[in-house]
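# Summary of the model geometry
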Amino acid sequence: MDFNLATTDEDHEYRLQLGAFLDRELTPEICRQHSMDLGLGPEARAFALKLGATGWLGRGWPEEYGGSGGTVVDEYIMIQEFARREAVVSNIVARFMCGPVILRNGSEAMKREFLPRIARGEIEFSLGYTEPSAGSDLASMRMRAVDDGDSFVITGQKMFNTQSHFADYHWLAVRTDPEAPRHRGISLFVVDQRAPGITIRPIETLGGERTNEVFYDEVRVPKDRLVGVLNKGFYYMAEALGYERLILFQSIRLVPPFRRLVSYVKTTKRSGRLLSDDSNVRRHLAQMATEISVAQALEDRAFALLKNGKPLDHEASLFKLFSSSMRQRFADAALDIIGPLGRVEEGSKGAVLAGEFARMARASVIDTIGGGTSEILKSLVATRGMGLPR
Amino acid sequence: MDIEFSEQQRMIQDSARGFLEDAFTGPLVREARQNPQGCSQQNWQEMAELGLMGIRVPEVYDGIAGSFAELIVLLEEMGRVAMPGPFFSTAVYAVEILTAVNNQKINQLLLPRIASGQIKLAVAIGDDDGDISASAISITASPDKGGYSLDGTIGFVPNAQSADYVLCAARMGRSECPQNDIALFCIAANTTGLGLEPLNTMNGLCAGRLVLDDVHVTSADLISDSRDLWSFLEPASFRSAVAKCAEMVGAASRILEIATAYAKERQQFGQAIGRFQAIQHHCADMLTDLDCARWMTFKTGWLIDEGRATRQDMAMTKAWCSQACRRILRNGHQVMGGIGYCEEHDMPLFFRYIRMAEAAMGGADEHMAIIASDVLCETEQTVNQRYKE
């Protein structure tokens with residue numbers, strides 16, 4: 001048994017170099033552009049290309065597709081190094097959700113067209129799964145692609161496609177066989193996000209991020225943009241979900257806000273007494289610190305499976321289930337500690353820690369909903385992980 | 001990152017599981033609650049012959065010097081049968097303390113006999129209320145006829161009834177600082193003045209109250225009175241707390257197995273209850289709590305073997321396991337319904353076992369208080385070190 005992420009000298013060296021690079025290049029502005037989902041501004045774009053030029057974005061992929069050797073450990077080191085700086089890996093959807101599916105299932109031509117560009121940091125994708133009437137029941141999606149000679153013609157609506165307003169490509173799931181059983185009639189396409197016939201409308205959210213409705217009106221998509229085999233799309237989506245559930249909730253991401261909260265209670269007095277001497281406050285802090293460590297141990301277990309080439313099934317669901325609700329408890333505890341001023345928003349007079357916990361409380365609402373609601377995940381854990389009847 | 005068991009861990013798991021499932025059946029464990037010895041001499045001797053007693057005893061004292069990770073594997077198996085008896089007090093807590101303090105004469109006297117199953121130990125560190133911190137130690141030691149006289153009471157000593165020797169912490173009255181004022185003695189159970197009042201706990205006669213009334217011990221019984229003694233005793237206690245977590249994880253994993261099997265087979269409203277989301281979600285919550293407890297315990301065990309476990313790491317593990325296993329019990333009972341409330345069912349065995357273990361070696365509240373102190377003292381540097389990789 002071994003819980004070290006980096007074990008070889010090369011891994012250590014890579015981590016140090018990447019860390020130094022990020023300390024130098026990753027500005028607060030770039031982090032903000034990523035975390036708010038407001039879109040990749042020029043700074044974030046330039047940073048992605050710089051990261052791509054190092055070759056590190058391609059680590060874990062074969063060289064013939066623009067990769068630079070390495071293993072999944074290198075991929076995870078990158079995710080961790082960004083997360084500990086409260087940032088998200090550039091083009092994370094392309095690199096860690098869509099790219100791996102293309103690598104495993106895409107045609108040779110598709111691999112050669114997209115993987116090197118992803119590895120160079122040039123392109124980002126937006127996930128196009130959810131529809132107004134297909135949320136948790138994803139397999140009920142209705143958006144249709146109709147075979148029309150050398151292309152498919154796609155019409156319909158997608159919902160909550162968060163990056164569509166700045167992504168280069170839409171990773172689109174649509175129904176290609178309405179007669180087949182629900183899961184077996186869905187296919188995945190890579191669609192140029194700026195193709196004629198696509199309309200993108202913004203949706204404002206409680207957390208402050210922008211997401212989108214995306215409308216397709218007879219959009220023509222060439223057949224070579226079909227991912228893998230026709231009507232296998234749902235299985236590819238499920239395959240990508242395991243990794244997605246693992247990489248979006250790094251517990252180490254909560255360490256910096258936690259330390260800022262610790263500094264706050266050590267320097268703030270209420271009723272003449274330091275908050276750090278208040279037993280309720282101390283209890284909250286201990287619980288928060290403990291849960292971060294517990295989530296880390298759970299994450300280690302899931303990653304160890306991945307590293308050993310085992311498929312991530314209910315373990316990733318379980319990790320997401322715990323970590324997402326943990327972040328909500330974390331925000332709640334912080335607001336309990338800070339009190340009314342914790343609710344004062346960034347930019348206002350009186351805001352504590354730049355309103356970060358007000359924002360976390362708002363933004364973490366979606367954590368237990370997006371990427372599989374906690375209820376869906378619990379049923380998955382029970383049926384797939386524990387063998388209870390469906 | 002690798003979560004596979006080593007060859008050695010697998011061997012321990014296989015041999016322990018086979019033996020323990022045969023030796024500690026439900027009826028036997030139920031009966032053992034009324035046995036002050038905790039378990040039969042035959043069971044004890046068989047465990048010694050399997051080498052279990054010496055799992056953490058160094059080879060020079062006839063033990064097998066297993067790693068902490070191996071100990072965890074073994075204790076998980078013991079938890080799976082809610083094993084009664086003084087194994088933990090003797091082969092875990094006492095051995096961790098003796099090897100940490102490392103008085104060679106005492107070790108020579110005790111450790112080979114622990115490994116061979118000849119003697120059983122209890123550890124008495126604390127006060128009348130069951131507090132195990134340094135400042136709570138209230139037994140006093142005063143110089144007397146070339147030795148010491150010990151006085152005071154300790155309210156809760158696990159496995160006191162079966163102990164041949166008690167490792168007892170006492171205050172020397174030489175320093176204002178509680179941590180610098182401690183000595184550790186080895187007291188034979190039959191020493192004059194050492195009184196024992198059995199306590200009937202939720203899980204039977206597995207603890208006692210020790211009353212020391214002018215107990216005379218010689219200087220040969222003094223294990224250590226070094227001013228830095230607490231810096232050895234405390235980590236040994238915290239390691240033992242992590243070991244206690246392994247027992248809880250084992251017991252909780254059996255609850256999960258029992259409840260899951262029942263949910264698949266029990267029919268209500270014309271279908272298996274495991275098909276209902278309300279039941280499925282209870283089960284998923286149980287598995288989440290169990291996996292968290294299990295991997296936290298394994299990870300901290302690994303950190304202990306690496307020599308990197310901090311007090312905070314160990315306290316977090318015990319705090320979490322105490323919280324999580326209690327929830328697992330609740331959910332398990334909810335899934336089992338009325339049948340799990342019957343004393344002849346196995347559920348009450350695990351309820352009684354876990355409700356004792358959650359408080360043993362400090363409960364969630366005590367450990368949370370320690371975590372808070374440590375979190376508030378941490379510097380930027382120690383935080384960075386902790387999250388280095």
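Everything numeric here is computed off the predicted structure, so don't read it as measured data.

Across its full length, chain B carries 12 helices and 10 strands. Relative to the globule expectation of 21 Å for 389 residues, the C-alpha radius of gyration of chain B, 21 Å, shows essentially globular dimensions. Taken along its principal axes, the extent of the C-alpha atoms in chain B is 80 × 50 × 40 Å. Across the 389 residues of chain B, 60% fall into the buried class. Long-range contacts, defined here as pairs at least 24 residues apart, represent 75% of the contacts in chain B between residues at least 6 apart. Of the roughly 15,100 Å² of accessible surface on chain B, a fraction of 49% belongs to carbon and sulfur atoms. If you average the places of the 32 positive and of the 50 negative side-chain charges in chain B, the two averages end up 4 Å apart.

What follows concerns the packing of aromatic side chains. Scanning all chains against the criterion turns up 19 aromatic pairs over all chains. For the ring pair Phe125 of chain A and Trp171 of chain A, a centre distance of 6.0 Å and an interplane angle of 65 degrees mean the geometry is edge-to-face. Taken together, the positions of Phe125 of chain A in strand β1 (residues 125-128) and Trp171 of chain A in strand β4 (residues 169-175) put the pair 46 residues apart, joining distant regions of the chain. When its relative accessible area of 0% is taken as the criterion, Phe125 of chain A is described as buried. The exposure class of Trp171 of chain A is buried, given its relative accessible area of 1%. A ring pair is formed by Phe152 of chain A and Phe189 of chain A, whose centres lie 5.0 Å apart and whose planes are at 65 degrees; its orientation type is edge-to-face. Of this pair, Phe152 of chain A sits in strand β3 (residues 151-158) while Phe189 of chain A sits in strand β5 (residues 186-192); the two residues are 37 residues apart in sequence, bridging distant segments of the chain. Between the NZ or CZ atom of Arg327 of chain B and the centre of the ring of Trp320 of chain B, over which it lies, the distance is 5.2 Å.

This part covers the pattern of salt bridges. If the charged atoms of two oppositely charged side chains come close together, the side chains can form a pair. Under the definition given, this model contains 54 salt bridges over all chains. A salt bridge links Arg85 of chain A to Asp23 of chain A; its shortest N-O distance comes to 2.8 Å. Of this pair, Arg85 of chain A sits in the loop between α4 (72-84) and α5 (92-105) while Asp23 of chain A sits in helix α1 (residues 9-25), placing them 62 residues apart in sequence. We classify Asp23 of chain A as exposed; its relative accessible area is 57%. Linking Arg327 of chain B and Asp289 of chain B is a salt bridge whose minimum nitrogen-to-oxygen distance equals 2.9 Å. Here Asp289 of chain B lies in helix α8 (residues 277-306) and Arg327 of chain B lies in helix α9 (residues 311-336), a separation of 38 residues in the sequence. What makes Arg327 of chain B partly exposed here is its relative accessible area of 34%. Note on Asp289 of chain B: relative accessible area 8%, which makes it buried. By sharing partners, the salt bridges in this structure join Arg15, Asp23, Glu81, Arg84 and Arg85 of chain A into a single network.

Another aspect to go through is the nonpolar core. In this structure, Phe125, Trp171 and Leu285 of chain A together with Phe87, Ile97 and Leu167 of chain B are the most contacted members of the largest nonpolar core, which totals 226 residues. Looking at this core element by element, the count peaks at 19 residues for helix α7 (residues 230-265) of chain B. With sequence-adjacent residues up to four places away left out, Ile97 of chain B is seen in contact with Val123, Ile125, Leu167, Leu184, Leu233 and Ala236 of chain B. With 23 residues, the next largest nonpolar core counts Ala122, Ala141, Ala170 and Leu194 of chain B among its residues.

Right, let's talk about the environment of Pro311 of chain A for a bit. All names here are of chain A. Within the secondary structure layout, Pro311 lies in the loop between α9 (279-307) and α10 (314-338). Take Pro311: its relative accessible area is 68%, and that puts it in the exposed class. Distance in space between the C-alpha atoms of Pro311 and Arg282 is 40 Å, their sequence separation being 29 residues.

Now for the pairing of strand β3 (residues 147-158) of chain B. Residue and element names in this part refer to chain B. Two elements, strand β2 (residues 140-144) and β3, share 5 bridges in a ladder whose sense is antiparallel. If you follow Pro143 over to β3, its bridge partner there is Tyr148. Connecting the antiparallel pair β2 and β3 is a turn made up of 2 residues, with Lys145 showing a positive phi of about 45 degrees. The sheet contact formed by β3 and strand β7 (residues 204-217) spans 8 bridges and is antiparallel. For Pro158, the partnering residue across the bridge sits in β7 and is Ala207.

Let us look at the interface of chain A and chain B. Between chain A and chain B, the residue contacts involve 55 residues of the former and 46 residues of the latter. Both faces combined, the contact of chain A with chain B buries some 4,900 Å², and carbon together with sulfur accounts for 63% of it. The largest contributions to the chain A side of the interface with chain B come from Met1, Phe3 and Met386 of chain A, which together make up 17% of the buried area. Inspection of the region where chain A meets chain B yields 6 salt bridges.

Residues and elements named next belong to chain B. Running from N to C, helix α4 (residues 68-80) and α8 cross one another at 150 degrees; their axes reach a closest spacing of 8 Å. Our classification of the angle between α4 and α8 gives roughly antiparallel. Contact residues: Phe68, Ala69, Ile72, Val73 and Glu76 in α4; Arg294, Thr297, Phe298, Gly301, Ile304 and Asp305 in α8. Its residues assigned to classes, the contact of α4 with α8 comprises 6 nonpolar, 2 polar and 3 charged.

Take the side chain of Gln296 of chain A next. Checked against the element boundaries, Gln296 of chain A lands in helix α9. Judged by relative accessible area, Gln296 of chain A falls into the buried class, the value being 12%. Engagement of the side chain of Gln296 of chain A in a polar contact is seen with the side chain of Ser251 of chain A, the distance being 2.9 Å. The residues contacting Gln296 of chain A, other than those within four sequence positions of it, are Gln80, Ser251 and Ile252 of chain A together with Lys299 of chain B.

Residue and element names in this part refer to chain B. For strand β4 (residues 165-171), the buried fraction is high: 7 of the 7 residues fall into the buried class. Going residue by residue along β4, you find Tyr165, Leu167, Ala169 and Arg171 tucked away on one face and Val166, Cys168 and Ala170 tucked away on the opposite face as well. Of the strand pairs in this sheet, strand β1 (residues 121-124) and β4 are connected by 4 bridges, and their pairing is parallel. What sits directly across from Ala124, in β4, is Cys168. Looking at chain direction, β4 and strand β5 (residues 182-188) are connected through 7 bridges and run antiparallel. Bridge pairing in β5 places Leu167 opposite Cys186.

Moving on: α7 of chain B. Between its first and last C-alpha atoms α7 of chain B spans 52 Å; for 36 residues at 1.5 Å apiece the expected length is 52 Å, and the two agree. For α7 of chain B, the tally of buried residues reaches 28 of 36 residues, placing the bulk of the element in the interior.

To continue, consider the confidence of the model for chain B. Reading fine detail from the predicted coordinates is not recommended where pLDDT is low. Per-chain confidence: chain B averages 95 in pLDDT, with 99% of residues scoring 70 or above. With pTM at 0.95, the complex prediction returns an ipTM value of 0.94.

A few words on unusual backbone geometry. If you check the backbone angles, Glu218 of chain A has positive phi at about 50 degrees while not being a glycine. In this structure, Glu218 of chain A sits in strand β7 (residues 210-222). Unusually for a residue other than glycine, Asn102 of chain B sits at a positive phi of about 60 degrees. Position of Asn102 of chain B relative to the elements: it lies in the loop between α5 (87-101) and α6 (104-115). For Asn102 of chain B, a relative accessible area of 41% corresponds to the partly exposed category.

What counts and how
- Residues numbered from 1 in each chain as written.
- Chains lettered and ligands numbered in written order.
- Predicted model: local features only at pLDDT ≥ 70, side-chain atom pairs only at ≥ 80, totals over all residues.
- Heavy atoms only, no water.
- Helix = DSSP H or I, 4+ residues; strand = E, 2+ residues; numbered from the N terminus.
- Rg over C-alpha atoms; globule rule 2.2 N^0.38 Å.
- Buried < 20%, exposed > 50% of the residue type's maximum accessible area, 1.4 Å probe, protein only.
- Contact = heavy atoms within 4.5 Å.
- Areas by Shrake-Rupley, 256 points an atom, 1.4 Å probe, with all protein chains shown as cover.
- Lys, Arg positive; Asp, Glu negative; His and termini not counted.
- Charge placed at Lys NZ, Arg CZ, Asp CG, Glu CD.
- Phe/Tyr/Trp six-rings, centres within 6.5 Å; stacked < 30°, edge-to-face > 60°.
- Lys NZ or Arg CZ within 6 Å of the ring centre and 35° of its normal.
- Salt bridge = Lys/Arg side-chain N within 4 Å of Asp/Glu carboxyl O.
- Core = buried A, V, L, I, M, F, W, Y, C linked by side-chain atoms within 4.5 Å.
- Pairing = 2+ DSSP bridges.
- Buried area = accessible area lost by both parts, 1.4 Å probe.
- Axes fitted to C-alpha atoms, helices over the stretch in contact; angles between N-to-C directions.
- Parallel < 35°, antiparallel > 145°, perpendicular 65-115°, else oblique.
- Nonpolar A, V, L, I, M, F, W, Y, C, P; charged D, E, K, R; others polar.
- Polar contact = N/O pair within 3.5 Å; in protein donor to acceptor, adjacent residues only side chain to side chain.
- Expected span 1.5 Å × (residues − 1).
- pLDDT = per-residue confidence, 0-100.

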